[in-house]
Amino acid sequence: MSERITIKQVPLEELVITPGSACQGCGAALAARLAFKALGPNTIRHSIPACPDNVTRTPTSGGEFEAGGDHVTGTWRALKALGREDVQVVGFYGDGGVYDIGFQSISGAAIRNENVFIICKNNEAYMNTGGQVSGATPQFAMTTTTPVGPMSRGKPHSRKNTPMIFAMHGVPYVATASVAFPTDLIAKVQYGKGIRGFKFLDILSPCPTGWRFDPSKTIEVARLAVQTGFWPLYEIIDGRKFRLNYKPRELKPVAEYLKLQGRFRHLSEQEIEEIQRSVTEYWERLLKLDEIGEILI
Amino acid sequence: MIEVRLHGRGGQGAVTANEILAEAAYYEGKYAQAIPMYGTERRGAPVTAYLRLDEVRVRERDLVHEPDIVVVLDPAIAQRPAILEGLKEGGLVIANYPHPPELYPLGGNFMVSTVDATAIALETLKRPITNTAILGAFSKVTGLVKVESIEKAILHRFPGPLGEMNVNAVRRAYERTPMPIQARGEVRKDEEGPLSGSGYGLIRSAAGWRTFRPVWDLDKCTGCRICWIFCPDNAIGWAEEKPTVDYRKCKGCGICVNECPTKAIEFKREGI
Ligand SMILES: Cc1ncc(C[n+]2csc(CCOP(=O)(O)OP(=O)(O)O)c2C)c(N)n1
Ligand code: SF4
Ligand code: SF4
Ligand code: SF4
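Residues numbered from 1 in each chain as written. Chains lettered and ligands numbered in written order. Predicted model: local features only at pLDDT ≥ 70, side-chain atom pairs only at ≥ 80, totals over all residues. Heavy atoms only, no water.

A. Summary view of helix 4 (residues 103-111) of chain A. Residue and element names in this part refer to chain A. Across the 9 residues of helix 4, 7 count as buried, placing the element largely inside the fold. Residues F103, S105, I106, S107, G108, A109 and A110 constitute the buried set of helix 4. Contacts from the buried residues of helix 4 go to helix 2 (68-82), strand 5 (88-94), helix 3 (95-100), strand 6 (117-122) and helix 5 (162-167). (Buried < 20%, exposed > 50% of the residue type's maximum accessible area, 1.4 Å probe, protein only. Helix = DSSP H or I, 4+ residues; strand = E, 2+ residues; numbered from the N terminus. Contact = heavy atoms within 4.5 Å.)

B. The arrangement of the interface of chain A and chain B in detail. On the chain B side, the residues contacting the 42 residues of chain A number 35 residues. Summing both partners gives a buried area of about 3,300 Å² for chain A against chain B, and 55% of it is carried by carbon and sulfur. The three residues of chain A that bury the most area against chain B are P19, S21 and Q24 of chain A, which together make up 21% of that side's buried surface. Linking chain A with chain B are 18 residue pairs in polar contact (both at pLDDT 80 or more), by the criterion used here. Among the elements of the structure, strand 1 (16-17), helix 1 (27-39), helix 7 (208-211) and helix 8 (218-227) of chain A are those that each provide at least two residues to the side of chain A that touches chain B. (Buried area = accessible area lost by both parts, 1.4 Å probe. Polar contact = N/O pair within 3.5 Å; in protein donor to acceptor, adjacent residues only side chain to side chain.)

C. Focus on the side chain of D74 of chain B. All names here are of chain B. Among the secondary structure elements, D74 is positioned in the loop between strand 4 (69-72) and strand 5 (91-96). Judged by its relative accessible area of 2%, D74 falls in the buried class. Of note is the side chain of D74, whose polar atom sits 2.7 Å from the side chain of Q12. Residues within four places of D74 in sequence aside, it is in contact with H7, R9, Q12, N96 and G208.

D. Molecular detail of the site of ligand 1. Residue and element names in this part refer to chain A. Close contacts around ligand 1 come from 16 residues, with G96, N123, A125, M127 and N128 the closest. One of the side-chain N or O atoms of N123 is found 2.9 Å from an oxygen atom in ligand 1. Within the complex, the protein chains bury 76% of what would otherwise be the 590 Å² of accessible surface of ligand 1. The residue makeup of the shell around ligand 1, split by class, is 7 nonpolar, 6 polar and 3 charged. (Near = heavy atom within 4 Å. Areas by Shrake-Rupley, 256 points an atom, 1.4 Å probe, with all protein chains shown as cover. Nonpolar A, V, L, I, M, F, W, Y, C, P; charged D, E, K, R; others polar.)

E. Focus on the site of ligand 2. Around ligand 2 lies a shell formed by A22, C23, C26, C51, N123, M127, C207, P208 and T209 of chain A together with R42 of chain B. In this structure ligand 2 sits where residues from chains A and B come together. When grouped by side-chain class, the residues that make up the shell around ligand 2 number 7 nonpolar, 2 polar and 1 charged.

F. Just the sheet that holds strand 2 (residues 43-47) of chain A, in detail. Residues and elements named next belong to chain A. The 8 strands are arranged 4-2-5-6-10-9-11-12 in an open sheet whose pairing can be described as mixed. Bordering the open sheet on either side are strand 4 (60-62) and strand 12 (241-244), each of which pairs with just one other strand. Taking the axes of each pair of neighbouring strands and ignoring which way they run, one obtains an average angle of 15° across the sheet. Pairing of strand 5 with strand 6, which is carried by 5 bridges, proceeds in the parallel orientation. Bridge pairing links V90 to F117 in strand 6. Of the strands in this sheet, strand 2, strand 5, strand 6 and strand 10 (199-204) touch helix 1, which is tilted by about 170° from strand 5. In this fold helix 6 (residues 182-193) packs onto strand 5, strand 6, strand 9 (173-178), strand 10 and strand 11 (234-237), with an angle of close to 160° to the strand it touches most, strand 9. (Pairing = 2+ DSSP bridges. Axes fitted to C-alpha atoms, helices over the stretch in contact; angles between N-to-C directions.)

G. Layout of the sheet that holds strand 4 of chain B. Residues and elements named next belong to chain B. The strand order across the open sheet built from 7 strands is 2-3-1-4-5-6-7, with neighbouring strands paired in mixed fashion. Unpaired on one side and paired on the other, strand 2 (31-36) and strand 7 (181-182) mark the two borders of the sheet. Both strand 4 and strand 5 contribute to a ladder of 4 bridges, which runs parallel. Bridged to V72 within strand 5 is A95.

H. Quick look at the packing of helix 2 (residues 117-124) of chain B against helix 5 (residues 161-176) of chain B. Residues and elements named next belong to chain B. Running from amino to carboxyl end, helix 2 crosses helix 5 at an angle of 145°, the nearest separation of the two axes being 9 Å. Pair helix 2 / helix 5 crosses with right-handed handedness. Judged by residue contacts, I120, E123 and T124 of helix 2 engage M165, N168, A169, R172, A173 and R176 from helix 5. Of the residues that constitute the contact of helix 2 with helix 5, the class distribution is 4 nonpolar, 2 polar and 3 charged. (Left-handed = near helix turned anticlockwise from the far one by under 90°.)

I. Structural context of the pairing of strand 4 of chain B. Residues and elements named next belong to chain B. Covered by surrounding structure in strand 4 are I69 and V71 together with V70 and V72, the residues of both alternating faces. In terms of strand pairing, strand 1 (residues 2-9) meets strand 4 through 4 bridges, oriented parallel. By the bridge assignment for strand 4, R5 is matched with V70.

J. Up close: the nonpolar core. If you look at the biggest cluster of nonpolar residues, it comprises 107 residues, and the most contacted ones within it are V98, I119, F166, F198, F242, Y257 and L258 of chain A. Looking at this core, the element that brings in the most residues is helix 1 of chain A, giving 8 residues. Excluding residues within four positions of it along the chain, V98 of chain A makes contact with Y93, F103, I106, I118, C120, T162, F166 and F200 of chain A. Counting 36 residues, the second largest nonpolar core, distinct from the first, contains A22, A25, V145 and I150 of chain B. (Core = buried A, V, L, I, M, F, W, Y, C linked by side-chain atoms within 4.5 Å.)

What follows is the structure, encoded as structure tokens:
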């Protein structure tokens, strides 16, 4: 499992080149800055269509939306043939590209246990095209395709549990992270980087534009997601060994997180309670896994 | 036919302002056409929108290339000569600018009026969203659309307290906007090139994106590195155990200000 680091151990070297064209306060831009700090320069980055986040000082290639998994596979196999197995092969993709459109190809790479690192900059919708609903969008969130009106209360379904789905592929490493917990995020990237095989890191990256909050609050929102249990931080080895990385004595009420964001402005007390119930229930299940230290299936 | 071009930044509501103007004109029996510039509009990045107003049906379907009026929602963009591109001789500029039109920095054969729409937005909406305030200025200076029609369109779009706050912004701007004068500023070329806000990759500078600028009081700084680690745009450097800032990279998001545990960073309005 990853080893805790302090802020002073975070590498000073920056792998991103700025100013780039992401919005003010973009969580995904910060996710890129932090993740590539940990990956270092000996990395090939793959992109698929998504928001611009941050340009990195790495060789970078762009590919088909549907083919995120194939794209990194090809690069890894070529490096292997060239005897350059020291190079990290990274797919830095949006949640649309990981949870939905590119899922089949990334699932294929996971099953084959390709030596690649898939990092999802998860802003919980298709933001580059204006904020359409994705498999990562939480229930009740307003997006441009799940509006709020007399016939609709935002997204009707709950989000897809993609980190657990990848864990169930039995791959060497799966973890979640948040831009508000940068040392945890960096430690996880550093740990994943040292493992041979398929790695998946899902980084919650708040989007002030699509989630509708002031750009100064990106970290506040990302932090509350974790402190309320809405976005738990955990890691899973070989689809079995399990650890929660952030375990407060008591979770904050989920309303504190929801109330900061315009995409949840319409929620009734009853809907907030419904969300609270499902968050608490899931959190208790994770606590049990953490206690046993294993996923027993 | 009157053709208008609006310039703003993603998040200031230029596209909405444009649509509200079109709706207000429609209430007065006019024909109107509101066109947003297609592109991925990033919050903070320059945004353009176009409007046509006429007594008869508007047949054109093109973007506006030679506007009669240019409306600028952002004080930093208001100082960029690129906003004058294609403006008709003797045309009109209505700018969100914190000083009277006599001090407006651009010159040429055009009329100009200014209003501190950012200050009005901060007073009324508590946020620097300047789109509705500038409409009050538009009504006052052009007389093309009555202020009552603008208010009606705003309340239709934002019913309730939000609408009332915006109506307040419109009224204050209407009262405070002076009549236009002949532009007295400098005639010069835009060194930064055209105003383009969409796209990928690197930009020349993010300086113009800011409404506020973070300013450090290093005496209060404990060297905790929190501002440094959370800056999405890598604008904060680290040297001799203290933060440094590169204002060419800073977009003015305010994360550093919000996160500093000792309140060593202050947010100051740009351009005044
Ligand atoms: C096959 C295909 N379909 C649609 C698009 C248009 N498109 C470009 S970016 C994008 C949204 C990407 O969303 P996501 O993966 O969540 O990343 P984000 O923009 O949120 O960073 C879409 C739909 C495309 N480029 N290719
Ligand atoms: S829309 Fe959201 S994710 Fe995309 S650049 Fe803007 S803040 Fe970042
Ligand atoms: S967050 Fe505040 S105290 Fe910490 S390094 Fe930055 S300015 Fe100094
Ligand atoms: S306001 Fe602060 S955090 Fe935001 S870009 Fe500027 S320096 Fe970075």
